[in-house]
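Commentary on secondary and tertiary structure
Listed below, chain by chain, are the residues.
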Amino acid sequence: MSGTLYLCATPIGNLSDVTLRVLDTLRSVDLVVAEDTRVTRKLFAHFDIHTPLESYHEHNADEKGPQLITRLLLGEDIALVTDAGTPAISDPGEKMVRLCIEEDIPVTSLPGPCACITALTLSGMDARRFVFEGFLPRDKKEQKEVLASLANETRTAILYEAPHRLKKTLELLYKTLGDREIALCRELTKKFETVERTTLEEAAEQTEGAEVRGEYVLVIAGRPADEKKAEERAAWEMLSIEEHVALYETDGHDRKEAMRLAAKDRGISRRDVYNALL
Ligand code: SAM
């Protein structure tokens, strides 16, 4: 019988945030694989854990993954941890989970700290509907696409950013999204945890020339839904009913559905649309 892969969430700053289940698992598995063994050794030393430790990170995942699969198939239990927080969330882990699924190897995830959720709960922003973007892509084209989708996004958006890129990212966000509310959540769970609730314009101004230190999560308010609706409205208000229906048809809707959508946009009945088309 094959072993199990345990995804173990570890603290994002405060060591007391580790769960009892994670500690038990790290002690009982045959092997722990870590993003950076030096970081995990500190956790091991603090909690007196002596399980064999090996590395599994972005740069050795293709080679190491199949080796770990062989060990799991032979019955070993393996725990996967990253430097901080929940594995697979902007961290290695995803590939390993996929390999296990392909081989029918049991995978379980031990929940615990995660910077994006901690930041969202502290932000005071709408937490019912949110979108997690992780780090903005470095590739300019991909970055442009993500920013364009965020500009239209009505849900609260959560982003990760490294301190040395914070200023540039805030400038880009302000330039693309306009002025929105933002919560800059810094050094979460640590001694100097701060949450600065401000606007994108002010945040971009404040970081200008300032030395930025510490880890940040950015929580940005979604685009106001009425603003988005007003823009969509402005787009079709220039059209005749016939052109409005045709627009939906070009989007791939059949005529009946296109008429229904146009009627809905205009706040008129389908019969009115039908009559206008006659
Ligand atoms: N897997 C982790 C998680 O569950 O949140 C995220 C790992 S990602 C490589 C690292 C990023 O998470 C940092 O650049 C920062 O944006 C965010 N982060 C991690 N710890 C943080 C903390 N204590 N305070 C604020 N942000 C943090």
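Residues numbered from 1 in each chain as written. Predicted model: local features only at pLDDT ≥ 70, side-chain atom pairs only at ≥ 80, totals over all residues. Heavy atoms only, no water.

As for the packing of aromatic side chains
Tallying each qualifying case throughout the model produces 2 aromatic pairs. Ring centres 5.0 Å apart and planes at 70° place the aromatic pair Phe-132 and Tyr-160 in the edge-to-face group. With Phe-132 in strand E6 (residues 130–135) and Tyr-160 in strand E7 (residues 156–161), this pair connects stretches of sequence that are 28 residues apart. When the centroid spacing of 5.7 Å and the interplanar angle of 65° are considered together, the rings of Phe-135 and Tyr-160 count as edge-to-face. With a gap of 25 residues between them, Phe-135 in strand E6 and Tyr-160 in strand E7 connect regions that are remote in the sequence. (Phe/Tyr/Trp six-rings, centres within 6.5 Å; stacked < 30°, edge-to-face > 60°. Helix = DSSP H or I, 4+ residues; strand = E, 2+ residues; numbered from the N terminus.)

So, the packing of helix H11 (residues 255–266) against helix H12 (residues 270–277)
What describes two packed helices is the angle between their axes and the distance between those same axes. At a closest axis distance of 8 Å, the pairing of H11 and H12 adopts a crossing angle of 115°. Here H11 is positioned roughly perpendicular relative to H12, judged by the angle of their axes. Between H11 and H12 lies a crossing whose hand is right-handed. Contact residues: H11 offers Arg-255, Lys-256, Met-259, Arg-260 and Ala-263, while H12 offers Arg-270, Val-273, Tyr-274 and Leu-277. Split into classes, the residues belonging to the contact of H11 with H12 amount to 5 nonpolar, no polar and 4 charged. (Axes fitted to C-alpha atoms, helices over the stretch in contact; angles between N-to-C directions. Parallel < 35°, antiparallel > 145°, perpendicular 65-115°, else oblique. Left-handed = near helix turned anticlockwise from the far one by under 90°. Contact = heavy atoms within 4.5 Å. Nonpolar A, V, L, I, M, F, W, Y, C, P; charged D, E, K, R; others polar.)

Some words on the site of the ligand
If you check the shell around the ligand, you find 19 residues, and the closest are Thr-86, Ile-89, Asp-91, Tyr-160 and Tyr-216. One nitrogen or oxygen atom from the main chain of Ala-84 is found 3.4 Å from a nitrogen atom belonging to the ligand. The separation between a nitrogen atom of the ligand and a polar main-chain atom of Leu-188 is 2.9 Å. Those elements that place two or more of their residues in the shell around the ligand are E7 and strand E10 (216–220). In the shell around the ligand, the residues fall into 11 nonpolar, 3 polar and 5 charged. Residue assignment places the shell around the ligand across two domains, with domain 1 (5–113) and domain 2 (116–223) each supplying three or more. (Near = heavy atom within 4 Å. Polar contact = N/O pair within 3.5 Å; in protein donor to acceptor, adjacent residues only side chain to side chain. Domains from an automatic or database assignment.)

Quick notes on the nonpolar core
The biggest cluster of nonpolar side chains holds 21 residues, and the ones touching the most others in it are Leu-150, Leu-159, Leu-170, Leu-173, Ile-182, Leu-184 and Leu-218. Elements with a minimum of two residues in this core: helix H6 (140–152), E7, helix H7 (166–177), strand E8 (181–186), helix H8 (200–207) and E10. Among the elements that take part in this core, H7 stands out by supplying 5 residues, more than any other. Not counting chain neighbours up to four residues away, the residues in contact with Leu-159 comprise Glu-133, Gly-134, Leu-136, Leu-150, Tyr-216, Val-217, Leu-218 and Ile-220. By size, the runner-up hydrophobic cluster in this structure holds 16 residues, among which are Val-18, Val-22, Leu-43 and Leu-53. (Core = buried A, V, L, I, M, F, W, Y, C linked by side-chain atoms within 4.5 Å. Buried < 20%, exposed > 50% of the residue type's maximum accessible area, 1.4 Å probe, protein only.)

Considering the pairing of strand E4 (residues 78–81)
The alternating pattern of E4 places Ile-78 and Leu-80 and Ala-79 and Val-81 on opposite faces, both of which are buried. The sheet contact formed by strand E1 (residues 5–8) and E4 spans 3 bridges and is parallel. Looking at E4, one finds that Leu-7 is bridged to Leu-80. Note: strand E2 (residues 31–34) against E4, 4 bridges, orientation parallel. (Pairing = 2+ DSSP bridges.)

Comments concerning helix H3 (residues 61–73)
In this model H3 runs 17 Å from its N-terminal to its C-terminal C-alpha over 13 residues, within 8% of the 18 Å that 1.5 Å per residue would give. Here H3 has its buried residues at Ala-61, Lys-64, Gly-65, Leu-68, Ile-69 and Leu-72. When H3 is viewed along its axis, its buried side chains cluster within an angular range of 145° and face the same direction. One or two steps after H3, the chain reaches Gly-75, where phi turns positive at roughly 110°. (Expected span 1.5 Å × (residues − 1). Arc of directions from axis to C-beta.)

Observations concerning the domain arrangement of the chain
As assigned here, the chain comprises domain 1 (5–113), domain 2 (116–223) and domain 3 (226–277). Here the C-alpha centre of domain 2 lies 28 Å away from the C-alpha centre of domain 1. Facing the 6 residues of domain 1 at the interface are 9 residues of domain 2. Counting the surface lost from both domain 1 and domain 2, the interface buries some 520 Å², and carbon and sulfur atoms represent 61% of this. (Buried area = accessible area lost by both parts, 1.4 Å probe.)

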